[in-house]
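Here's the letter readout for the chains.
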Amino acid sequence: MVTSREGVLLIIGFLALFTHAWFRKNEPKSLLRLLAFWTAVVLPSSYALLLHVGSSFQAFTLASTSFTTTLLLSISLYRLSPLHPLSRYPGPWQCKLTKLWGAYIAWGGKPYVYYKRLHDQYGPVVRIGPNELSVVDADLIPNVLGASGMPKGPMWSGRRILPSKNWNRNNSLTSVRDLRRHAELRKPWNTAFKPSSIAEYEGMLIARAEQMIRCLKAFCTRDGPSAIDLALWINFFTFDFMGDLAFGGVYSLMRDGDTQQVLLKMKRGVFMPSISQHIPWILGTLHAISFVSADTRAFGMFGIEQAKKRAAMQDNLTRKDLFYHLLEDAKMPVLTKLVSSALLAIVAGSDTTSSALANICYYLIRYPDYLHRLREELDATFKPSEPNETIEINALASLPLLDAIINETLRLQPPIPTSLQRAPADGSGGKALSPDMYILEGTAVQISPWVIHRCPRYFYPDPDKFWPDRWISGDPSIILDKSAFIPFSTGPANCPGRPLAIIELRYVTCLLVRTFDMSFEPDYDVAQWEESLEDRFVMLKGELPVKLALREVGKKSD
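How each quantity is defined
- For every chain, the first residue of its written sequence is number 1, and the numbers climb from 1 along that sequence.
- Local features are withheld for residues below a pLDDT of 70 in this predicted model, meaning they are given only at 70 or higher, and side-chain atom pairs are given and counted only at 80 or more; totals for whole chains, interfaces and linings count all residues.
- Hydrogens and waters are ignored; side-chain quantities use all the structure's heavy atoms.
- UniProt positions are given in the numbering used here, feature names are shortened, and annotations may be inferred rather than shown by experiment.
- Here a helix means four or more residues in a row that DSSP labels H or I, a strand means two or more in a row labelled E, and each is numbered from the N terminus.
- We call two strands paired when DSSP finds no fewer than two bridges between them.
- Here the axes come from fitting lines to C-alpha atoms, over the contacting stretch only for helices, and the angles between their N-to-C directions go from 0 to 180 degrees.
- The contact rule is simple, with two residues in contact once any of their heavy atoms fall within 4.5 Å.
- Relative accessible area decides the class of each residue, using a 1.4 Å probe on protein chains only: under 20% of the type maximum gives buried, over 50% gives exposed, and in between gives partly exposed.
- Boundary definitions for the domains trace back to an automatic or database domain assignment.
- Defined in terms of a 1.4 Å probe, buried area is the accessible area two parts forfeit on being brought together, summed over both.

**Digging into the UniProt feature "transmembrane region" (unreviewed entry) in the chain**
Those residues carrying the UniProt feature "transmembrane region" (unreviewed entry) are residues 6–23, 35–53 and 59–78 in this numbering. Between the first and last C-alpha atoms of residues 35–53 the distance is 25 Å; the span itself is 79% helix and 0% strand. Taken end to end, residues 59–78 has its terminal C-alpha atoms 28 Å apart, with 100% of it in helix and 0% in strand.

Here is the structure:
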């Protein structure tokens, strides 16, 4: 029996060290479990101290302080020491110490800027968490994201939006870690976006794009150019098209406006997951605090409502939409399948494309020479006097400058700027990323498209400059390493909707350039747009005030 206070405190210290050793192999998955473990250690320790101190409160305070301080000190020293498996990789001490620092950076909405600054300072491999690396090395992409790569990393456990009763990781394409199960879930998505399926969606795309053009024309008056928030109207268009594609055409934001504030729900709903993805163990607690998780739960419930509406239409729809293909191959109940895919369809099907389209417009207006050159390329293919209905969508794929402008926009402003995270499979022990780089199980690896797209080793010269000519120049002195170009990710977990997204970007850009003269207000600060962008897994946007005027056919474009 321990007969002194010092002896009890020594035992508490050993318990803290043992706890740290246990945590290294059994990291708590939730704050509740962590608190339960802490309580299971501190309460008996307090009882043991009660024999040597004056009161229960004093015993509890001393036991809890001693245990917690020793545990945190042990964890901190280990993470900063040469004994840590990632000690060889450079990075700021705050990142090495805790992912709370990553959550703090994410709160500000500019983690992509922070990670680029770290790579500029430390090199191609940077330690951005106690057990996480950020990599800017195209040679490592195949073994991280590619066919020989790894499953999704731990951040996906912290990105859950749906209430727990409506969510099962093994049914979630974005969160499942088992590669075989991911392949099963991915199969119907591949079918939904094969060329023959996409051809069935083109009618919906054309109808919605023409509707947007008609709405924008209504703002053009004889009194001169009319200023509108073009980013908002692009959001309306992409959301309406996504509604046609996935939910049977239940929306018309372009006609009615956002009366239900669905765009605001989506914007607010993705905020909390962009923070909690850095500290997944706190997600359950955040969901339990109503005022903290209200926006995220509202967005999740919105997705469930849309899934239920689409399920009710299943026997009555005559056209083949996205969920027709997803349900055709489903091995789970209809509603379960729809719920698991609804939010993915909403976010990936509308917000990513709207970001790309808005950025294309921004760069074309900021650099009008490219706007004029693109118009000339389009006029050479489709006569300006011909109506938009005569445009052959497939013919747009043969326009080099159009594709160059789209690629350059996606290079500078990829829709998913940072959060491509992978980690070795459970039970694998680890993964060799290169002959001299082996990471242990429990280590996450992130590749940031925004950062690698601006690396001069792969895009040179002027990697931070909008310069579409780099894609079509042919100058051997220009470095253009397409293996580092990953705006839609790459490998088996890349964006399945990429082919449709490219068609959408080409077609809508074509219509806008053919139809309108576009410019900023004279006093508009062009830097304001990029400052308004926020990384919330997808790139959220601010306002894009643009003056629109109907193009005068026959007027010289320069």
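**Some words on the sheet that holds strand S4 (residues 420–422)**
Whether parallel or antiparallel, the strands of a sheet pair through hydrogen bonds between backbone atoms. In space, the four strands of this open sheet follow the order S1-S2-S7-S4, with mixed pairing throughout. The open sheet is flanked by strand S1 (125–129) and S4, the only strands paired with a single partner. Going from strand to strand, the sheet's axes swing by 30 degrees on average, the running direction of each strand aside. Strand contacts of helix H6 (residues 111–122): S1, strand S2 (132–135) and strand S7 (444–447), with the helix running at about 135 degrees to S1, the strand carrying the most contacts.

**Regarding the pairing of S2**
Remember that side chains alternate between the two faces of the sheet whenever the strand is regular. A two-sided burial pattern is seen for S2, the buried positions comprising Glu132 and Ser134 on one face and Leu133 and Val135 on the other. Both S1 and S2 contribute to a ladder of four bridges, which runs antiparallel. Bridge pairing in S2 places arginine 127 opposite leucine 133. Between S1 and S2, which pair antiparallel in sequence order, lie two residues. Note: S2 against S7, three bridges, orientation parallel. Looking at S7, one finds that glutamate 132 is bridged to alanine 444.

**Examining the domain arrangement of the chain**
Along its sequence, the chain is carved into domain 1 (5–80) and domain 2 (179–550). A straight line from the C-alpha centre of domain 1 to that of domain 2 covers 48 Å. Carbon and sulfur atoms make up 64% of the area that domain 1 and domain 2 hide from each other, which totals about 310 Å².

**Notes on the UniProt feature "binding site: heme" (unreviewed entry) in the chain**
The sites that carry the UniProt feature "binding site: heme" (unreviewed entry) are, in the present numbering, Cys495. Structurally, the position occupied by cysteine 495 is in the loop between strand S9 (479–480) and helix H21 (498–515). Leave out the neighbours within four places in its chain, and cysteine 495 touches Arg186 and Phe488.

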